[in-house]
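# Structural features, examined
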Amino acid sequence: MSDFSRTRALFHLPEGVIYLDGNSLGPLPHGALERLNATARDEWGEMLITGWNRAGWMSMPRRIGDRIGALIGAPEKSVSVGDTLSIKMYQALASALDLNPGRRIVLSDTGNFPTDLYMAQGLIRTIGAGHELLTVAPEDVMDRISDQVAVVMLTEVDYRTGRRHDMKEIIRLAHENGALVIWDLAHSAGAIEVDLAGLDVDFAAGCTYKYLNSGPGGPAFIYVAPRLQGKAIPALSGWLGHARPFDFEQQYNPADGVERMRVGTPAILQMAALDAALDVWDGVDMAEIERQSAKLTSLFIEEVEKGCPELELVTPREPKHRGSQVSFRFENGYAAIQALIARGVIGDFRAPDIMRFGFAPLYVTESDTRQAAAHLVEIIREQLWDREEFKTRAAVT
Ligand SMILES: *Cc1c(COP(=O)(O)O)cnc(C)c1O
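Below or above, wherever it landed, is the structure these notes cover. The structure presented is a predicted model; accordingly, all values stated were derived computationally and were not measured. (Residues numbered from 1 in each chain as written. Predicted model: local features only at pLDDT ≥ 70, side-chain atom pairs only at ≥ 80, totals over all residues. Heavy atoms only, no water.)

Moving on to helix α12 (residues 333-342). Within α12, seven of the 10 residues are buried, which leaves it mostly tucked inside the rest of the structure. If you check which residues of α12 are buried, you get G333, Y334, A335, A336, I337, A339 and L340. Buried residues in α12 make contact with β13 (345-346), β14 (348-350), β15 (354-358), α13 (366-381) and α14 (388-391). Backbone geometry just after α12 places G344 at a positive phi near 90°. (Buried < 20%, exposed > 50% of the residue type's maximum accessible area, 1.4 Å probe, protein only. Helix = DSSP H or I, 4+ residues; strand = E, 2+ residues; numbered from the N terminus. Contact = heavy atoms within 4.5 Å.)

Further remarks concern the packing of α12 against α13. As a packed pair, α12 and α13 sit with axes 10 Å apart at the nearest point and diverge in direction by 130°. Our classification of the angle between α12 and α13 gives oblique. Handedness of the α12/α13 crossing: right-handed. Here A336, A339 and L340 of α12 come into contact with α13, specifically with A372, H375, L376 and I379. Grouping the constituent residues of the contact of α12 with α13 by class yields six nonpolar, one polar and no charged. (Axes fitted to C-alpha atoms, helices over the stretch in contact; angles between N-to-C directions. Parallel < 35°, antiparallel > 145°, perpendicular 65-115°, else oblique. Left-handed = near helix turned anticlockwise from the far one by under 90°. Nonpolar A, V, L, I, M, F, W, Y, C, P; charged D, E, K, R; others polar.)

By size, the foremost hydrophobic cluster in this structure holds 119 residues, and its most contacted members are I72, V152, W183, L196, F300 and M355. Broken down by element, this core gets its largest block of residues, eight residues, from helix α5 (residues 85-99). In this view, V152 contacts L107, V141, I145, I170, A174, A179, L180, V181 and I182; residues no more than four positions away in its chain are not counted. (Core = buried A, V, L, I, M, F, W, Y, C linked by side-chain atoms within 4.5 Å.)

So, on to the environment of F328. Looking at the element boundaries, F328 is found in strand β12 (residues 325-329). A relative accessible area of 0% places F328 in the buried class. As a C-alpha pair, F328 and I289 span 39 residues in sequence and 23 Å in three-dimensional space. Filtering out sequence-adjacent residues up to four positions away, F328 remains in contact with F300, I301, V304, E305, L311, E312, L313, V314, D353, I354 and M355.

Structure representation (structure tokens):
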């Protein structure tokens with residue numbers, strides 16, 4: 001029996017709320033609030049510019065990168081923190097294409113998050129060398145890997161359905177065919193076990209404001225395999241990725257290792273919040289998280305299907321084929337989610353018709369899971385979603 005009551009107590013969870021949207025924005029750790037206060041007051045406030053040295057601000061991207069690395073099977077000095085996931089995907093793809101110059105195809109899938117596809121489209125336009133983004137159905141990815149493909153760029157866990165790719169097999173096939181692989185870990189880091197070094201991943205990137213609870217707009221991270229670090233030339237060659245930023249040289253000269261993926265000045269307050277949010281993970285075993293996640297998601301599926309057999313489950317039934325979320329298709333899904341939120345159960349909606357529920361074992365309990373399922377069943381069976389106030393779309397769904 002897993003006991004996550006220790007970690008649950010480390011979060012501020014609003015009274016009367018069951019939070020099943022930590023896959024979009026993790027809740028506030030008490031420690032992060034304290035750290036934000038302390039960093040602003042004692043470091044920014046008192047040290048002013050000297051904080052860059054005295055408070056170690058400048059080395060935060062590397063130090064925190066190592067802490068994230070420990071959660072995703074990455075060795076020290078292979079992860080750097082900063083910017084946004086969109087930017088980190090752009091950097092990874094630019095470097096990967098540069099490392100595979102004879103080929104023109106970037107292979108991705110229709111389950112990928114749009115920003116990854118948009119960044120690839122923009123980069124391809126900028127390079128102007130005739131690259132092509134080939135976007136196939138997720139189940140066809142393996143069939144389309146060939147010796148024409150430069151880079152396979154995928155999100156491991158589908159943000160809508162929760163379907164998980166077979167990373168190991170895709171990497172094996174890609175490498176056999178001479179292609180590089182980039183993984184978006186937005187719904188993997190802090191949700192399931194990830195073994196970047198063990199699986200011989202080339203590049204990976206992820207965000208920290210979802211399962212890693214760094215707060216809205218928290219910095220992203222990028223992983224570059226140690227064997228590629230010296231060869232990966234950053235397309236966004238900013239001054240903090242320079243070998244000697246404070247020499248202010250005219251010519252760009254990349255820093256050693258993954259540090260070259262830094263671009264500009266890091267967001268220190270968000271870094272501080274992330275650093276404190278990572279304290280929650282001390283002593284937490286990712287295998288245990290994944291087991292508990294399988295248990296909670298299975299329980300939710302079972303309870304919802306018992307009450308609403310007509311709802312279509314779009315998440316794989318087999319726990320090892322899904323991430324830490326459950327999605328159901330329902331044509332009035334938007335209104336149903338609003339009705340749930342009105343009752344204090346927070347999930348979210350993804351167009352056109354997907355109701356999505358994230359389960360983070362750090363703070364979501366079995367009791368939460370049963371109660372949330374009961375509310376959803378009641379709302380659907382009694383058509384409680386059918387009210388004007390629940391049908392008006394807000395800007396962020
Ligand atoms: C949330 C998410 C993003 C978001 O990228 P940002 O640059 O942080 O806005 C990208 N990819 C995936 C798969 C996501 O789920």
